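Listed below, chain by chain, are the residues.
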Amino acid sequence: MRISRVLAVIAVSLCLGAAGTALTSCAADPGPTVVLKTADSGAGTVVVDADGRAVYLYDADEKGTDTSSCTGSCQAAWPAVTTTSTSPEGKGITGRIGEISAGDGTHQVTLDGWPLYYFDGDTVPGTIKGQGIGGVWWLLNPDGQKVTDIGR
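Here we summarise the structure given alongside this text.

## Some points on the state of the cysteines
Point 1. What the rule picks out here adds up to 1 disulfide.
Point 2. Two residues, Cys70 and Cys74, share a disulfide whose sulfurs are 2.0 Å apart. Judged by the torsion about the S-S bond (-110 degrees), the Cys70/Cys74 disulfide is left-handed.

## A short note on unusual backbone geometry
Point 1. Despite not being glycine, Asp112 shows a phi value in the positive range, around 50 degrees.
Point 2. Summarising the element assignment, Asp112 is placed in the loop between strand S7 (107-111) and strand S8 (114-115).
Point 3. Accessibility expressed as a relative area gives 16% for Asp112, which makes it buried.

## Focus: the sheet that holds strand S10 (residues 146-147)
By definition, the strands of a sheet pair up through backbone hydrogen bonds, in either a parallel or an antiparallel sense.
Point 1. Within the open sheet, the 3 strands sit side by side as S3-S9-S10. Their pairing is antiparallel. The open sheet has two edge strands with one neighbour each: strand S3 (56-58) and S10.
Point 2. Direction of pairing for S3 relative to strand S9 (residues 137-140): antiparallel, over a ladder of 3 bridges. Bridging from a neighbouring strand, Leu57 pairs with Trp138 of S9.

## Concerning the environment of Asp66
Point 1. For Asp66, the position within the fold is in the loop between S3 and helix H2 (73-77).
Point 2. Residue Asp66 is classed as exposed on the basis of its relative accessible area of 56%.
Point 3. Once the C-alpha coordinates of Asp66 and Gln108 are considered, the two residues, 42 residues apart in sequence, prove to be 9.6 Å apart.

## A few points about the side chain of Asp122
Point 1. Tracing the sequence through the fold places Asp122 in the loop between S8 and S9.
Point 2. We note that Asp122 is buried and unpaired, the nearest opposite charge coming from Arg53 at a distance of 5.7 Å.
Point 3. Polar side-chain contacts of Asp122 include one of 2.5 Å to the side chain of Tyr56.

## Things to note about the pairing of S7
Point 1. Among the 5 residues in S7, 5 count as buried, and that is most of the element.
Point 2. Alternating residues of S7 divide into His107, Val109 and Leu111 and Gln108 and Thr110, and every residue in both groups is buried.
Point 3. Where strand S4 (residues 82-83) and S7 come together, 2 bridges link them in antiparallel fashion. Directly across from Thr82, in S7, lies its bridge partner Gln108.
Point 4. Taken together, the 5 bridges between strand S6 (residues 97-101) and S7 define a ladder with antiparallel strand orientation. When the bridges of S7 are listed, Ser101 appears paired with His107.
Point 5. Counting the residues between successive antiparallel strands, the hairpin from S6 to S7 contains 5 residues, one of them, Gly103, with a positive phi of roughly 80 degrees.

The rules we used
Residues numbered from 1 in each chain as written. Predicted model: local features only at pLDDT ≥ 70, side-chain atom pairs only at ≥ 80, totals over all residues. Heavy atoms only, no water. Disulfide = S-S within 2.5 Å. Helix = DSSP H or I, 4+ residues; strand = E, 2+ residues; numbered from the N terminus. Buried < 20%, exposed > 50% of the residue type's maximum accessible area, 1.4 Å probe, protein only. Pairing = 2+ DSSP bridges. Lys, Arg positive; Asp, Glu negative; His and termini not counted. Salt bridge = Lys/Arg side-chain N within 4 Å of Asp/Glu carboxyl O. Polar contact = N/O pair within 3.5 Å; in protein donor to acceptor, adjacent residues only side chain to side chain.

Written out as structure tokens, the structure is:
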């Protein structure tokens, strides 16, 4: 912990030294943020956000895409999982966590190349009501693969 504080002081000092007293040019780095973890569900071990809310992939997206296919009314029912961090992390996740631009200054979280979404019908952590809807919305396991077991 002490090393982290020392490094933070050094970073601030370097920033002040480079910018004089004009702090406006020294933006805070949001740094890594744990945004994903795992939880047990009726469909097995699945990926959830830091608060325990299930996240989904959308078959209409292309794995590895840099844009979401869910727009307009789709976004109302399936909002993107977003973060302000450019280096999101996970706990218990073995797939590659990343991000793509969400277009509003935030970043949509991805897992193994899949943009991630919430289902608006999952109102509390632990619910997986979005699983399998339309045959295109799926939970993910920790390595980023879709889970096809309905589990409800």
